[in-house]
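Here is how the chains run, residue by residue.
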There are 2 protein chains.
Amino acid sequence: MSHLTKIAVSIGDINGVGLSIALAAHEIISQWCDPLYIVDDAIVDEACKKLHTSKSPTFRTFELDIPIQIEAGIIDANAGRYSFASFVKGVELAQQKKVDALVTLPIHKEAWAKAGIKFKGHTDYLRHHFGRDAIMMLGNSKLFVALFTEHIPLREVPKYLTFDALEVFLLDLYETTHFDKINVLGLNPHAGDGGVLGNEEELIDAAIQSANHKIGKPIFFGPSVPDVAFTPHALAHCNRIAALYHDQGLAPLKALYFDESINISLNLPIIRASVDHGTAFDIAYTAQKPKIESYLNAVRYAIDACKHLD
Amino acid sequence: MSHLTKIAVSIGDINGVGLSIALAAHEIISQWCDPLYIVDDAIVDEACKKLHTSKSPTFRTFELDIPIQIEAGIIDANAGRYSFASFVKGVELAQQKKVDALVTLPIHKEAWAKAGIKFKGHTDYLRHHFGRDAIMMLGNSKLFVALFTEHIPLREVPKYLTFDALEVFLLDLYETTHFDKINVLGLNPHAGDGGVLGNEEELIDAAIQSANHKIGKPIFFGPSVPDVAFTPHALAHCNRIAALYHDQGLAPLKALYFDESINISLNLPIIRASVDHGTAFDIAYTAQKPKIESYLNAVRYAIDACKHLD
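Just so it is clear, the model here is predicted, and its values are computed rather than measured.

## Description of the overall build of chain A
Piece 1. In terms of regular secondary structure, chain A is built from 11 helices and 10 strands.
Piece 2. Seen through its principal axes, chain A has C-alpha atoms that stretch 65 × 40 × 35 Å.
Piece 3. A total of 310 residues make up chain A; the buried ones form 59% of that total.
Piece 4. Residue pairs in contact within chain A that sit at least 24 positions apart in sequence constitute 75% of those at least 6 positions apart.
Piece 5. Accessible surface, chain A: about 13100 Å² in total, of which carbon and sulfur atoms supply 52%.
Piece 6. The centroid of the 28 positive side-chain charges in chain A is displaced by 4 Å from the centroid of its 37 negative side-chain charges.

## Structural notes on helix α1 (residues 18-30) of chain B
All names here are of chain B.
Piece 1. Between its first and last C-alpha, α1 extends 17 Å over 13 residues, near the 18 Å set by a 1.5 Å rise per residue.
Piece 2. A bend of about 40° at Ala24 is the largest found in α1.
Piece 3. Buried residues dominate α1, accounting for 10 of its 13 residues.
Piece 4. Those residues of α1 that sit buried are Gly18, Leu19, Ser20, Ile21, Ala22, Leu23, Ala25, His26, Ile29 and Ser30.

## So, the side chain of Lys254 of chain A
Piece 1. Mapping Lys254 of chain A onto the fold places it in helix α10 (residues 246-256).
Piece 2. Taking the relative accessible area as the measure of exposure, Lys254 of chain A reaches 13% and is therefore buried.
Piece 3. A polar side-chain atom of Lys254 of chain A sits 3.0 Å from a polar atom in the side chain of Asp227 of chain B.
Piece 4. Residues within four places of Lys254 of chain A in sequence aside, it is in contact with Asp276 of chain A together with Asp227, Val228 and Thr231 of chain B.

## Focus: unusual backbone geometry
Piece 1. Cis rather than trans, the peptide bond between Gly222 of chain A and Pro223 of chain A has omega equal to -5°.
Piece 2. Here the phi dihedral of Lys97 of chain B falls at roughly 60°; this positive angle occurs in a residue that is not glycine.
Piece 3. Position of Lys97 of chain B relative to the elements: it lies in the loop between α3 (77-95) and β3 (101-104).
Piece 4. Take Lys97 of chain B: its relative accessible area is 64%, and that puts it in the exposed class.

## Thoughts on the environment of Leu126 of chain B
All names here are of chain B.
Piece 1. Along the chain, Leu126 turns up in helix α5 (residues 122-130).
Piece 2. The class for Leu126 is buried, based on a relative accessible area of 0%.
Piece 3. Between the alpha carbons of Leu126 and Arg155 there is a distance of 27 Å; along the sequence they are 29 residues apart.
Piece 4. Apart from the residues lying within four places of it in its own chain, the contact partners of Leu126 are Phe87, Val91, Gly131, Ser265, Leu268, Ile270 and Arg272.

## Topic: the packing of helix α7 (residues 163-177) of chain A against helix α8 (residues 201-215) of chain A
Residue and element names in this part refer to chain A.
Piece 1. Packing of α7 against α8 leaves a shortest axis separation of 9 Å and a crossing angle of 40°. In terms of orientation, α7 and α8 fall into the oblique class. The chirality of how α7 crosses α8 is right-handed. Where α7 abuts α8, its residues Phe163, Leu166, Glu167, Leu170, Leu171 and Tyr174 lie against Leu203, Ile204, Ala206, Ala207, Ile208, Ser210, Ala211, Lys214 and Ile215.
Piece 2. Classifying every residue of the contact of α7 with α8 by side-chain character gives 12 nonpolar, 1 polar and 2 charged.

## Description of the pattern of salt bridges
Piece 1. Summed over the entire model, instances satisfying the criterion amount to 26 salt bridges over all chains.
Piece 2. Put simply, Lys55 of chain B and Asp45 of chain B hold a salt bridge, and the shortest N to O gap is 3.3 Å. On the criterion of sequence distance, the pair formed by Lys55 of chain B in the loop between α2 (41-51) and α3 and Asp45 of chain B in helix α2 is long-range, its members being 10 residues apart.
Piece 3. What you see here is one network of salt bridges that share partners, running through Arg155, Glu156 and Lys159 of chain A together with Glu200 of chain B.

## A short note on the relation of the copies chain A and chain B
Piece 1. Once chain A is rotated about the relating axis by 180° and shifted along it by 0.0 Å, it coincides with chain B to within an RMSD of 0.0 Å. This pairing of chains is accounted for by a two-fold axis. Relative to the rotation axis, the closest C-alpha in chain A is found at Pro252 of chain A, a distance of 2.1 Å.
Piece 2. Counting the interface residues of chain A, we find that 100% of their copies in chain B are interface residues as well, pointing to one common contact surface.

## Some words on the domain arrangement of chain A
All names here are of chain A.
Piece 1. Per the domain assignment, the segments of chain A are domain 1 (1-131 + 268-310) and domain 2 (143-259).
Piece 2. Taken over C-alpha atoms, the centre of domain 1 sits 31 Å from the centre of domain 2.
Piece 3. Connecting domain 1 to domain 2 are 2 salt bridges.
Piece 4. Among the ionic pairs, Arg127 bridges to Glu150, the shortest N-O distance being 3.2 Å.
Piece 5. Between domain 1 and domain 2 we count 2 residue pairs in polar contact (both at pLDDT 80 or more) in total.
Piece 6. The element best represented in the side of domain 1 that touches domain 2 is helix α11 (residues 293-309), accounting for 4 residues.

Calculation notes
Residues numbered from 1 in each chain as written. Chains lettered and ligands numbered in written order. Predicted model: local features only at pLDDT ≥ 70, side-chain atom pairs only at ≥ 80, totals over all residues. Heavy atoms only, no water. Helix = DSSP H or I, 4+ residues; strand = E, 2+ residues; numbered from the N terminus. Buried < 20%, exposed > 50% of the residue type's maximum accessible area, 1.4 Å probe, protein only. Contact = heavy atoms within 4.5 Å. Areas by Shrake-Rupley, 256 points an atom, 1.4 Å probe, with all protein chains shown as cover. Lys, Arg positive; Asp, Glu negative; His and termini not counted. Charge placed at Lys NZ, Arg CZ, Asp CG, Glu CD. Expected span 1.5 Å × (residues − 1). Bend = angle between axes of the 7 residues up to and from the residue. Polar contact = N/O pair within 3.5 Å; in protein donor to acceptor, adjacent residues only side chain to side chain. Axes fitted to C-alpha atoms, helices over the stretch in contact; angles between N-to-C directions. Parallel < 35°, antiparallel > 145°, perpendicular 65-115°, else oblique. Left-handed = near helix turned anticlockwise from the far one by under 90°. Nonpolar A, V, L, I, M, F, W, Y, C, P; charged D, E, K, R; others polar. Salt bridge = Lys/Arg side-chain N within 4 Å of Asp/Glu carboxyl O. Least-squares fit on C-alpha atoms with pLDDT ≥ 70 in both. Domains from an automatic or database assignment.

Shown next as structure tokens:
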């Protein structure tokens, strides 16, 4: 199996749907990659019992040697500590090149807080650990949306939008994705309508030109009219989009592909992809099976990203 | 036919797809309403010849007595003047209650400009003519989005967002639609996340409470997280949305329902609905048939709106 991409899977909150997803998808993803699950065997066995399923002999684990039991659907400090340990080990293995990429199953932020972990979530830890500005990209092969600004008030967005900041973002985005063509949205309705509805499109245009010039290829185009960039016709032309703010990109993405999307951290020394859903405590270890599409897409993305780096 | 709703149809630019849509949809809409097409018979006959079709005996017209010939796909001052005359007559008939509602086929804005008409389009004329702030609502029965602000720069949006202005908007919106339940979006990502990502949600909440109190029913809810308001799950709960700015509402709407949407002017003394597409000069009077879904939805909306006023 050595020719297959090695993917570490951090197991997420063991009281949520993560283990169930990992077990259900194992056979499928084993055809694409060589997964290593960062979880103790005893917990996998306990999960199998609760889920009335069995573990494949190829379900390879990295033992953390932390004694803990599953408490389905419970927000618990010990489970928080466990999911943090699994994630940190995954980051370490990726950084040490013992695996090619990391796929993360959902953690529960409140459980982390209860455990006294000072990071708000995966991305927060990654930024701190690597000391770099990760680019947040969400979507799936049919539509990827990268965000220039993320979790800031809407009224702050125009202040962040400078030529320098946007150019750096575009160059970083190209550097870590190598997408052929990326549609950069305007800030204003109708992309400013020739300046009548705002003039930030001038600096966006300048940053696009400059980034293309530095790359030496016309990768970026725009600034495009935001509200028609997500129609079927527009996406057939280009389905890799740089959005200037959170809701500009994510509202159309989630309208179209809620269940299938993944969350990717770009611009880091490691490849990391995540499901775009939470722990779903309400259905954990019940008869209702969690959807595995987002997880499969996250694994697929991680594999593709590794090939690209070869 | 007197029991049927009387709908005036302004014919739009005769060099575009309007006449073709009106002829193709006549049989269908005649089962729902009593349409009156504001166009000269001679032009309809000319269109039929070009389109290799014939006019139904029930295709009733209001003659403008303006001599003109069709020039397929041409931006022309005379065609601009003609489409303006058809539209103004439609507004007049609706205002005089000679018809119950007006449905408008697409005009060409440049043709209006060439004809020296000082209005940018239908809505601009309606605002001027009635001296009232029309509310722009787009969508179809599966999703309607009303816009609190429209064609202003993004950076201006927070300035327009005051308690008073939003409350007036919400009350006007309810008054002219009588929707049972309307989802009011937040301004900021995650609807501010408890104030961490912006605090405008406080005044939005206050305006919602006050509007509900004045109406005497909990019509409005929110402020909701904008990027998950358009997922299938969220729309199953409420598909009537008040968006605070243009792209917040229209990007997800157009991602989901580009061909089926209509544009409605609310808060006016007349009922007016419009297709949400242009003149499509490139396919006018060719073998490629224009889509009629948007027009059918506009007619259907106008009929429903009239019933509501009874």
